[in-house]
Amino acid sequence: MPVAKRPADVFLNIPFADSHEFLYLALIAGLAALRLNPRCVLEIPPQQSRLQRLYQLIASCPYSIHDLSHVRLSSTGHRVPRFNMPFELGIAVAVALAEQGPKAHQFRILEARQYRLQQSLSDVLGWDPYIHRACADGVLEALLDAFPNLPEAPDLTELRGLFKDLRRFRNERLGTNIYTPRAFSTLVVAARKLVEA
């Protein structure tokens, strides 16, 4: 069954890790500045139909961004990588392939280092990742490159300012864990208000 799309929605597939918090904030700030609407798996309450709801959320977004820079062996336990992020990319690829045409889902892949993705996921050859160099500036530059044709897009300097403002808001108003449904929603609303200020 087709899922209704809101044209500005962008699904974020990102690592929920303290070491990547600044990338998370940069994505939210950058997308808000581009007048796009970040969506995330945090919006889905834990329940039995979680996979179906994840598919519907990705399919409802015209775009998705997948940061695979944190896919690595775990430091404890069985020393295996977590496959949630590549799995969600796979769902987005399936949605894109099933839809066809100019309104088909479009996915963007982010990585920290050039050529790393080709070693771990060669099936996506032909889809060059945007390299963010594991820094906020790199994420903001990647967003400008990933969405080059948006009307009235801000420049990198404006994106940097919004990121700094959102980071200040996060430090002053949110607790230690920002990877919660409430914190995600609060950050998105705050970023929108900062854009309009």
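Residues numbered from 1 in each chain as written. Predicted model: local features only at pLDDT ≥ 70, side-chain atom pairs only at ≥ 80, totals over all residues. Heavy atoms only, no water.

Caption draft 1: Spatial organisation of the packing of helix 1 (residues 21-33) against helix 5 (residues 136-146). Helix 5 packs onto helix 1 with a crossing angle of 35 degrees between their chain directions and a minimal axis gap of 9 Å. Of the two elements, helix 1 crosses helix 5, and the hand of that crossing is right-handed. Residues F22, L23, A26, L27, G30 and L31 of helix 1 lie in contact with helix 5, whose contacting residues are A136, V139, L140 and L143. In the contact of helix 1 with helix 5, the residues fall into 9 nonpolar, 1 polar and no charged. (Axes fitted to C-alpha atoms, helices over the stretch in contact; angles between N-to-C directions. Helix = DSSP H or I, 4+ residues; strand = E, 2+ residues; numbered from the N terminus. Left-handed = near helix turned anticlockwise from the far one by under 90°. Contact = heavy atoms within 4.5 Å. Nonpolar A, V, L, I, M, F, W, Y, C, P; charged D, E, K, R; others polar.)

Caption draft 2: Quick peek at the sheet that holds strand 1 (residues 9-13). Read across the open sheet, the 5 strands follow the order 2-1-3-4-5; overall the sheet is parallel. Looking along the sheet, the strands with just one partner apiece sit at the ends: strand 2 (37-40) and strand 5 (130-131). Of the pairings in the sheet, the one linking strand 1 to strand 3 (residues 63-67) comprises 4 bridges and is parallel in character. When the sheet's bridge partners are listed, F11 is paired in strand 3 with S64. (Pairing = 2+ DSSP bridges.)

Caption draft 3: Layout of the pairing of strand 4 (residues 106-111). Of all the 6 residues making up strand 4, 5 are buried; the element is thus mostly covered by neighbouring parts of the structure. Note: strand 3 against strand 4, 5 bridges, orientation parallel. Bridge pairing in strand 4 places I65 opposite R108. Pairing analysis gives 2 bridges linking strand 4 to strand 5, with the strands arranged parallel. Bridge pairing links E111 to I131 in strand 5. (Buried < 20%, exposed > 50% of the residue type's maximum accessible area, 1.4 Å probe, protein only.)

Caption draft 4: Region of interest: the packing of helix 1 against helix 7 (residues 181-196). With their axes 9 Å apart at the nearest point, helix 1 and helix 7 run at an angle of 45 degrees to one another. Here helix 1 lies oblique to helix 7, going by the angle between them. When you trace helix 1 past helix 7, the crossing you get is right-handed. Note on element contacts: helix 7 touches helix 1 through F184, L187, V188, A191, R192 and V195, opposite Y24, L25, I28, A29, A32 and A33. Classifying every residue of the contact of helix 1 with helix 7 by side-chain character gives 11 nonpolar, no polar and 1 charged. (Parallel < 35°, antiparallel > 145°, perpendicular 65-115°, else oblique.)

Caption draft 5: Local environment of the pattern of salt bridges. Within the structure shown, the criterion is met by 8 salt bridges. We note a salt bridge from D9 to R6, for which the minimum N-O separation is 3.1 Å. Between E141 and R133 there is a salt bridge; the shortest N-O distance is 3.1 Å. On the basis of relative accessible area, E141 is assigned to the partly exposed category, the value being 25%. (Salt bridge = Lys/Arg side-chain N within 4 Å of Asp/Glu carboxyl O.)

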